[in-house]
Amino acid sequence: MTAIDPDSLQSQARRARLFTRINKADAWFQVLGLAWVTPILKAAAGDNPKGQLSEIWRLLGVPVLAILVFLVAWGTLAPKVQTSLGAIPGPGQVWEQAVNLNSDAIRERAKEAAFYDRQDVRNAKLIADGKADRVKERVYTGKPTYYQQIGTSIITVFFGFLIASAVAIPLGIMAGLSATANAAINPLIQIFKPVSPLAWLPIVTMIVSALYATNDGMFSKSFLVSAITVTLCSLWPTLINTSLGVSSIDKDLVSVSKVLKMSTYSKITKLVLPSALPLIFTGLRLSLGVGWMVLIAAEMLAQNPGLGKFIWDEFQNGSSQSLAKIMVAVFTIGLIGFLLDRVMYALQSMFTFSENR
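Throughout what follows, the structure given in this document is the object of discussion. Remember, it's a predicted structure, so these values are computed and weren't measured experimentally.

### Section: the overall build of the protein
Working step 1: Looking only at helices and strands, the protein features 12 helices and two strands.
Working step 2: Listing each helix as α and each strand as β along the protein from the N terminus yields α-α-α-β-β-α-α-α-α-α-α-α-α-α.
Working step 3: For 357 residues, the compact-globule estimate of 2.2 N^0.38 gives 21 Å, and the protein exceeds it by more than 25% at 27 Å.
Working step 4: For the protein, the C-alpha atoms occupy an extent of roughly 95 × 60 × 60 Å along the three principal directions.
Working step 5: The buried share of the protein, taken over its 357 residues, is 32%.
Working step 6: Within the protein, counting contacts between residues at least 6 apart in sequence, those at least 24 apart form 67% of the total.
Working step 7: Summed over all atoms, the accessible surface of the protein reaches about 21400 Å², with 66% contributed by carbon and sulfur.
Working step 8: Across the protein, 32 positive and 22 negative side-chain charges occur, with their mean positions spaced 4 Å apart.

### Considerations on the environment of Ser 153
Working step 1: One can find Ser 153 in helix 5 (residues 146-177).
Working step 2: Discounting chain neighbours no more than four positions away, the residues touching Ser 153 are Trp 292, Leu 295, Glu 299, Gly 306 and Leu 307.

### A few points about the packing of aromatic side chains
Working step 1: One pass over the full model with this rule turns up 10 aromatic pairs.
Working step 2: With 6.5 Å between their ring centres and 15° between their planes, Phe 192 and Trp 236 make a pair best called stacked. Of the two residues, Phe 192 sits in helix 6 (residues 179-192) while Trp 236 sits in helix 8 (residues 221-247), which places them 44 residues apart along the sequence.
Working step 3: Taking relative accessible area as the criterion, Trp 236 reaches 9% and is therefore assigned buried.
Working step 4: Among the aromatic side chains, those forming a connected cluster through ring pairs are Phe 70, Trp 74 and Phe 331.

### Points about the packing of helix 9 (residues 251-259) against helix 10 (residues 264-302)
Working step 1: The geometry of helix 9 relative to helix 10 is characterised by a closest axis approach of 11 Å and an angle of 175° between their N-to-C directions. The angle between helix 9 and helix 10 places the two elements in the roughly antiparallel class. Residues Leu 253, Val 254 and Ser 257 of helix 9 pack against Lys 267, Leu 271 and Ser 275 of helix 10.

### So, helix 10
Since the α-helix packs 3.6 residues into each turn, any two residues three or four apart lie on the same face.
Working step 1: If you check helix 10, its first and last C-alpha atoms are just 43 Å apart, much less than what 39 residues at 1.5 Å a residue would give, namely 57 Å.
Working step 2: Within helix 10, the axis deviates most sharply at Leu 277, by approximately 60°, and proline Pro 278 lies no more than four positions further along.
Working step 3: Gln 303 lies just past helix 10 and shows a positive phi near 60°.

### Things to note about the nonpolar core
Working step 1: One finds Tyr 146, Trp 292, Leu 307 and Ile 311 to be the most contacted residues of the largest nonpolar core, which totals 37 residues.
Working step 2: Broken down by secondary-structure element, the contributors of at least two residues to this core are helix 4 (91-128), helix 5, helix 8, helix 10, helix 11 (307-317) and helix 12 (322-356).
Working step 3: The element best represented in this core is helix 10, accounting for 12 residues.
Working step 4: Apart from residues lying up to four places away in sequence, Trp 292 is in contact with Ser 153, Ile 154, Val 157, Leu 307, Ile 333, Ile 336, Gly 337 and Leu 340.

### Points about a nonpolar patch on the surface
Working step 1: There is a patch of nonpolar side chains on the surface, built from Val 64, Ile 67, Leu 68, Phe 70, Leu 71 and Phe 331 and spanning about 540 Å² of accessible area.
Working step 2: Here Leu 71 falls in the partly exposed class, since its relative accessible area comes to 33%.

### Focus: unusual backbone geometry
Working step 1: One non-glycine residue with positive phi stands out, namely Gln 303, at about 60°.
Working step 2: Within the secondary structure, Gln 303 is located in the loop between helix 10 and helix 11.
Working step 3: What makes Gln 303 partly exposed here is its relative accessible area of 29%.

### Concerning helix 7 (residues 197-211)
Working step 1: An ideal rise of 1.5 Å per residue puts 21 Å on 15 residues; helix 7 measures up with 20 Å between its terminal C-alpha atoms.
Working step 2: Within helix 7, burial applies to Pro 197, Trp 200, Leu 201, Val 204 and Val 208. Each buried residue of helix 7 sits inside an arc of 105° when the element is viewed along its axis, so together they form one side. Exposed and oriented more than 90 degrees from the buried face of helix 7 are Met 206 and Ala 210.
Working step 3: The elements touched by buried residues of helix 7 are helix 6, helix 8 and helix 10.
Working step 4: Where helix 7 begins, the side chain of Ser 196 points an oxygen toward the backbone nitrogen of Leu 198, at a separation of 3.1 Å.

### Things to note about the pattern of salt bridges
Working step 1: Scanning the entire structure with this criterion turns up six salt bridges.
Working step 2: Put simply, Glu 55 and Arg 58 hold a salt bridge, and the shortest N to O gap is 2.9 Å. Here the residue Glu 55 and the residue Arg 58 both occupy positions in helix 3 (residues 49-77), the gap between them amounting to three residues, near one helical turn.
Working step 3: Note that Asp 313 and Lys 309 form a salt bridge whose closest N and O atoms lie 2.8 Å from each other. Highlighted residues: Asp 313 and Lys 309, both in helix 11, separated by four residues, approximately one helical turn.
Working step 4: On the accessibility criterion, Asp 313 (29% relative accessible area) is partly exposed.

### Re a positive patch on the surface
Working step 1: A grouping of Arg 118, Arg 122, Lys 131, Arg 134, Lys 136 and Arg 138 is seen on the molecular surface, where their side chains present a positively charged patch.
Working step 2: You can call Arg 118 exposed: its relative accessible area is 51%.

What counts, and at which threshold
- Residues numbered from 1 in each chain as written.
- Predicted model: local features only at pLDDT ≥ 70, side-chain atom pairs only at ≥ 80, totals over all residues.
- Heavy atoms only, no water.
- Helix = DSSP H or I, 4+ residues; strand = E, 2+ residues; numbered from the N terminus.
- Rg over C-alpha atoms; globule rule 2.2 N^0.38 Å.
- Buried < 20%, exposed > 50% of the residue type's maximum accessible area, 1.4 Å probe, protein only.
- Contact = heavy atoms within 4.5 Å.
- Areas by Shrake-Rupley, 256 points an atom, 1.4 Å probe, with all protein chains shown as cover.
- Lys, Arg positive; Asp, Glu negative; His and termini not counted.
- Charge placed at Lys NZ, Arg CZ, Asp CG, Glu CD.
- Phe/Tyr/Trp six-rings, centres within 6.5 Å; stacked < 30°, edge-to-face > 60°.
- Axes fitted to C-alpha atoms, helices over the stretch in contact; angles between N-to-C directions.
- Parallel < 35°, antiparallel > 145°, perpendicular 65-115°, else oblique.
- Expected span 1.5 Å × (residues − 1).
- Bend = angle between axes of the 7 residues up to and from the residue.
- Core = buried A, V, L, I, M, F, W, Y, C linked by side-chain atoms within 4.5 Å.
- Patch = residues over 30% accessible without salt bridge, like charges linked within 9 Å, V, L, I, M, F, W, Y side chains within 5 Å.
- Salt bridge = Lys/Arg side-chain N within 4 Å of Asp/Glu carboxyl O.
- Arc of directions from axis to C-beta.
- Polar contact = N/O pair within 3.5 Å; in protein donor to acceptor, adjacent residues only side chain to side chain.

All we've got here are geometric facts, nothing functional implied.
Structure (structure tokens):
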């Protein structure tokens, strides 16, 4: 009879627990776009290090190599292309302008802080002199920083996206549950889905200007124009995917709900939404991506605050640094678009996981 070493059993148990944790974490690494972390952790834990190297190369090495090839090709070919603003800037020049934009933002924040400090000192002196009636609170009206423009665009796209979701999901459920509702909604989808944001923008601008005469409410007119344009262009993917997801529910489940005489609310919350959730989230991810692209175009055309206006202003500026700043904005837009998709994917994973528990 062979004796079993207790230390060896404990070591194996610890190793099993470690791999269990790594496998659980892998789901979130996938969500965050960090799938390459898993084979690194497995290799470090001693799980077939040679076999994990091929996964590391595929998930991390190949993308990094592709980026390096792109940067080399960009840096080599860019100086050879001359434009009205000079040669196309290479990676080094674009990075330099990214640093300059960060420095400008820091300086602008310092100016803003100094403005409010001076205002506080002045108001305190007026109060001390018994002239409290002359105290005024002014808002700093300096140039918005690059980060403030990014923040404006993100807030705007989420506002428009939330309105679109609030409209599209109920309509999609109606269309999926009722053939009559689907017959009524489908022609509207086919007509309005292909309409460009550039066509919606003048109509939205005129309507908002007519109904929102003053600019001193909770939202500015420019914000509402951009957000509503995003709504009109981004609700269709969610509406279509929700309708498809609801209509694809197993007919046996629908029959069971009728036998159990479930109320409409119970049927929707306990049967329809859990079954259609994956397709609904697919629609939401598509809608958010569409909304982000639409917003930049709307901001450029309407000159509303945000990244789109920043790009247009730099194009109109025509300085030797403008093209590099525009390219910084292009990479910023792409990176934010990727992060927005990751956020929606994370939410999808959380909801679908909780539904499947």
